[in-house]
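The lines below spell out each chain.
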Amino acid sequence: EESDLHFLLKHLTYMHFIKNEKVDESSIKSEPINEVMNKVPDVVVFKNDAKIAVEIETMYGTGDPILKKIVPDTINPYLANNYRGELWLVVPNLQALMYAKQLMKIRSAYRKRDLNLEIYVADVTGKGAECISRANDKEPKGPGLIKLIDVLNFIKNGQSEECTL
């Protein structure tokens, strides 16, 4: 059974793909059986010729969420099955900031092993994505997801003062 937080992050994920990525609703599947090897992802998206598996991790109730849950149960099955699509890991914002260093190390380590892993956080208004991508993309954003690495770089580079949310 999904927690309320898990359900809300899944809903935000759907909204992101439909509104911000312009993916047709029929191309988004929730917990499809055997769509991605022997692992049942929370969401699978078929976008153009690419497949995106989305795993939502609330990071609650597992002790050390990185070593006891995310690495062995969430990410390693994709690596073991030689998954070649994109793997999006969606985590709550507070936990992403608390574990940012470990999450970025995991991202880097798995990318070096040819797993196309990206970590996302919630952007409940769309304004975060607009601030971060405003130089590259003038299109307004709706509620959805934003890459954790982009958020961290935005903060690190001190650009947050220039943007009003």
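It should be noted that the structure appears before, not after, this text.
Let me begin by describing the structure that accompanies this report.

What counts, and at which threshold
Residues numbered from 1 in each chain as written. Predicted model: local features only at pLDDT ≥ 70, side-chain atom pairs only at ≥ 80, totals over all residues. Heavy atoms only, no water. Core = buried A, V, L, I, M, F, W, Y, C linked by side-chain atoms within 4.5 Å. Buried < 20%, exposed > 50% of the residue type's maximum accessible area, 1.4 Å probe, protein only. Helix = DSSP H or I, 4+ residues; strand = E, 2+ residues; numbered from the N terminus. Contact = heavy atoms within 4.5 Å. Pairing = 2+ DSSP bridges. Salt bridge = Lys/Arg side-chain N within 4 Å of Asp/Glu carboxyl O. Phe/Tyr/Trp six-rings, centres within 6.5 Å; stacked < 30°, edge-to-face > 60°. Bend = angle between axes of the 7 residues up to and from the residue. Polar contact = N/O pair within 3.5 Å; in protein donor to acceptor, adjacent residues only side chain to side chain.

**A look at the nonpolar core**
One finds I75, L87, V91, L103, Y110 and L115 to be the most contacted residues of the largest nonpolar core, which totals 25 residues. Elements supplying a minimum of two residues to this core: α2 (65-80), β4 (86-90), α4 (100-112), β5 (116-123) and α6 (148-156). Of the residues forming this core, the biggest block, 6 residues, is contributed by α2. Each residue touching V91, except ones within four places of it in the same chain, is listed here: E57, M59, A96, L103, I119, Y120, V121 and A122.

**As for the pairing of strand β2 (residues 43-47)**
Where strand β1 (residues 28-30) and β2 come together, 3 bridges link them in antiparallel fashion. In the strand pairing of β2, K29 is matched with V44. With 5 bridges joining them, β2 and strand β3 (residues 50-56) adopt antiparallel strand pairing. Bridge assignment links V44 to a residue of β3, and that residue is A53. Counting the residues that bridge the hairpin from β2 to β3 gives 2 residues, and of these N48 lies at a positive phi of roughly 55°.

**Quick look at the environment of L12**
You can see L12 is positioned in helix α1 (residues 4-20). Considering only alpha carbons, one finds L12 and K51, 39 residues apart in sequence, at a separation of 19 Å.

**Remarks on the side chain of K39**
Following the sequence through the fold, K39 ends up in the loop between β1 and β2. Not counting residues up to four positions away in its chain, the partners in contact with K39 are E55, D73, T74, P77 and Y78.

**Remarks on the pattern of salt bridges**
A full pass over the atoms with the stated rule returns 8 salt bridges. Here K10 ties to E2 by a salt bridge, and the two come within 2.6 Å at their closest N and O atoms. Given the relative accessible area of 8%, K10 is considered buried. Assessed through its relative accessible area of 29%, E2 is described here as partly exposed. Residue E57 is joined to K69 by a salt bridge in which the shortest nitrogen-to-oxygen separation is 3.4 Å. Here K69 lies in helix α2 and E57 lies in the loop between β3 and α2, a separation of 12 residues in the sequence. Relative accessible area serves as the criterion here: at 7%, E57 is assigned to the buried category. Under the relative-accessibility criterion, K69 is labelled partly exposed at 26%. Several salt bridges share partner residues, and in doing so they unite E2, K10 and E31 into one network.

**Quick look at the packing of aromatic side chains**
Scanning the model with the defined rule gives 3 aromatic pairs in all. Arranged with centres 4.8 Å apart and planes meeting at 25°, the rings of F17 and W88 form a pair that is stacked. Within this pair, whereas F17 is found in helix α1, its partner W88 is found in strand β4, the two being separated by 71 residues in sequence. The class of W88 is buried, set by a relative accessible area of 3%. Considering the side-chain rings of Y78 and Y83, the 5.2 Å spacing of their centres and the 70° angle between planes classify their relative orientation as edge-to-face. Each member of the pair, Y78 together with Y83, is buried.

**Observations regarding α2**
The largest bend along α2 reaches roughly 45° and is located at V71, with the proline P72 sitting one to four residues downstream. Every buried residue of α2 is listed here: P65, I66, I70, V71, T74, I75, Y78 and L79. Between a side-chain oxygen at the N-terminus of α2 and the backbone nitrogen of I66 the separation is 3.0 Å; the capping residue is D64. Within two residues after α2, N82 carries a phi angle of roughly 55°, on the positive side.

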